[in-house]
Amino acid sequence: TMLTRMLKLHFGWHLARVKCLSCLIIALFKVKTVNFVELATAFSGSAKVDSHYRRIQRFFKEVNIEPATVARLVASLLPYDQFILSIDRTTWMLGCFAINFLVLSVVHQGTAFPLFWILLPKKGNSNTKERIQLINQFLDVFGSHKIKYLTGDREFIGKQWFDYLMKHQIQFRLRIKKNMMISRSNGQLSPAENFFRSLPLSTECQLVDCRLVCGHLLWVTGMRLPSGDYLIVVAHDDSSQVLQDYAKRWKIEVLFESLKSRGFNFEDANLKDAECLKLLFAVITITFCWAYHVGAWLHDQTPIRIKTHQRPAKSVFRYGFDWIRNALFNPQDKQAELHKVLWLLWNALMGPKH
């Protein structure tokens, strides 16, 4: 099939492995879960389901996908000279075993696209070493000049972390904790929340001049939220759009929903092996990219309906996801359309050189 040819050109594997990856992607659309037993039922061919199941097991035991290869594939779908990056974790429990991914993604329109990820061997927050490991993967492939700015929540703070970002000239919009100490104009340190206590709710304010935060002079913008909490963001520059820029961080949450309950049910993974889980994340990422790319094309042809509350009836990802599923379940009726969207993906991934 065209999908198999495309994947073979990109990954360079022998045909059996490429065919298995192609079957996995198609099966993910059909059964909407990463559970191996369910995936095996959706494999094509005359072999028994048990044979397909063993084939899937062998694939995840023997195959290794280089992170850079998937990252370049994802980046080829995005029309940017510079990326807005979002860093966050997605985590769930498999019995008493914590599955905890630290993910770096590119914000794009209503969602985000995963570029690099590491599986943390623990519950809870990442540490500076793990974050640096993740960003270094990006820098090795794309360079710091490809980063417009990095967004992250209150987990992603600290002196060593800021030292690293400043050293590599990585611009950022990072939320800090309300009790983090920052300097007043007289040089004295005070909890960040004290600077914004008197503001009306939901009114943003940027402090005059840079302030000392974790050993660096940074610009500080914040507001009081209706919940009683504070949204305080530090940045390397004095842009008036800092909070709006930071808000794009939430697109990674949309991505996680698409990978989980609204798409491929990643939480159904009955795996504890780290390498298998990272490979499964890569397979889902490729599948997600195809669905989104098709959804964007469909939206250009027939825009997604806007409901009365001014929100779209479905996401671009879901638009493509549902369309591909329907085409796969009705291959005779949708043959021409399916061929068309495969060509779209081919052109996006392969480019004119192929």
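The preceding data block contains the structure.
Residues numbered from 1 in each chain as written. Predicted model: local features only at pLDDT ≥ 70, side-chain atom pairs only at ≥ 80, totals over all residues. Heavy atoms only, no water.

**Student:** Pulling in residues and values, what's your account of the packing of helix α9 (residues 251-259) against helix α10 (residues 274-301)?
**Tutor:** Two elements in contact, α9 and α10, have axes whose closest approach is 11 Å; the angle formed by their N-to-C orientations is 105°. Here α10 runs roughly perpendicular to α9, going by the angle between their axes. Along its contact with α9, which presents Leu255, Ser258 and Leu259, the element α10 presents Phe281, Ile284 and Phe288. Class assignment for the residues of the contact of α9 with α10 results in five nonpolar, one polar and no charged. (Axes fitted to C-alpha atoms, helices over the stretch in contact; angles between N-to-C directions. Helix = DSSP H or I, 4+ residues; strand = E, 2+ residues; numbered from the N terminus. Parallel < 35°, antiparallel > 145°, perpendicular 65-115°, else oblique. Contact = heavy atoms within 4.5 Å. Nonpolar A, V, L, I, M, F, W, Y, C, P; charged D, E, K, R; others polar.)

**Student:** Provide a residue-level description of helix α2 (residues 15-31), including the pertinent values.
**Tutor:** The end-to-end C-alpha distance of α2, which contains 17 residues, comes to 24 Å, matching closely the 24 Å that a straight helix rising 1.5 Å per residue would cover. Residues of α2 that are buried: Val18, Cys20, Leu21, Ser22, Cys23, Leu24, Ile25, Ile26, Ala27, Leu28 and Phe29. Where the residues of α2 are buried, they touch α1 (2-11), α3 (36-41), α4 (49-62), α10 and α11 (316-329). Positive backbone phi, approximately 55°, marks Lys32, located one or two places after α2. (Expected span 1.5 Å × (residues − 1). Buried < 20%, exposed > 50% of the residue type's maximum accessible area, 1.4 Å probe, protein only.)

**Student:** So, the pairing of strand β10 (residues 216-224): which residues are in play, and what are the values?
**Tutor:** With seven of its nine residues buried, β10 lies for the most part within the structure. Note that strand β8 (residues 205-206) and β10 share two bridges and pair antiparallel. When the sheet's bridge partners are listed, Cys205 is paired in β10 with Gly222. Note that strand β9 (residues 211-213) and β10 share three bridges and pair antiparallel. Considered in β10, the bridge of Val213 is made with His216. Where β9 hands over to β10, the hairpin turn is made up of two residues, of which Cys214 adopts a positive phi near 50°. When β10 meets strand β11 (residues 230-235), the two strands line up antiparallel, connected through six bridges. Of the residues in β11, the one forming a bridge with Arg224 is Tyr230. (Pairing = 2+ DSSP bridges.)

**Student:** With reference to specific residues and values, describe the nonpolar core.
**Tutor:** Ranked by internal contacts, the top residues of the largest apolar core, which has 124 residues, are Phe59, Phe60, Phe101, Leu115, Phe138, Phe162 and Trp290. With 16 residues, α10 is the largest single contributor of residues to this core. Grouped together as the second largest cluster of nonpolar side chains are seven residues, Met223, Leu231, Val242 and Tyr246 included. (Core = buried A, V, L, I, M, F, W, Y, C linked by side-chain atoms within 4.5 Å.)

**Student:** I'd like to hear about the side chain of Thr285, residue by residue, with values.
**Tutor:** Position of Thr285 among the secondary structure elements: in helix α10. Setting aside chain neighbours within four positions, we find Thr285 in contact with Val70, Val74, Pro114 and Trp117.

**Student:** Help me get a handle on the side chain of Arg89, residues and values and all.
**Tutor:** Within the secondary structure layout, Arg89 lies in strand β1 (residues 83-94). Contacts of Arg89, omitting those with residues within four sequence positions, involve Asn100, Phe101, Leu102, Leu120, Gly124, Asn125, Ser126, Glu155 and Phe256.

**Student:** Please give an account of the pattern of salt bridges that cites residues and values.
**Tutor:** Note that side chains of opposite charge can pair when their charged atoms are close. As enumerated under the stated definition, the model contains 17 salt bridges in all. A salt bridge links Lys122 to Glu130, with the nearest nitrogen and oxygen atoms 3.1 Å apart. Overall, Lys122 belongs to the partly exposed group, its relative accessible area being 27%. Here Asp229 and Arg175 are joined by a salt bridge, their closest N and O atoms 3.6 Å apart. Taken together, the residues span a long stretch of sequence, with Asp229 in the loop between β10 and β11 and Arg175 in strand β5 (residues 172-175) at a distance of 54 residues. The structure contains a network of salt bridges with shared partners spanning Asp88, Asp153, Arg154, Arg175, Asp229, Arg249 and Glu253. (Salt bridge = Lys/Arg side-chain N within 4 Å of Asp/Glu carboxyl O.)

Function cannot be inferred from these measures alone, as they are strictly geometric.
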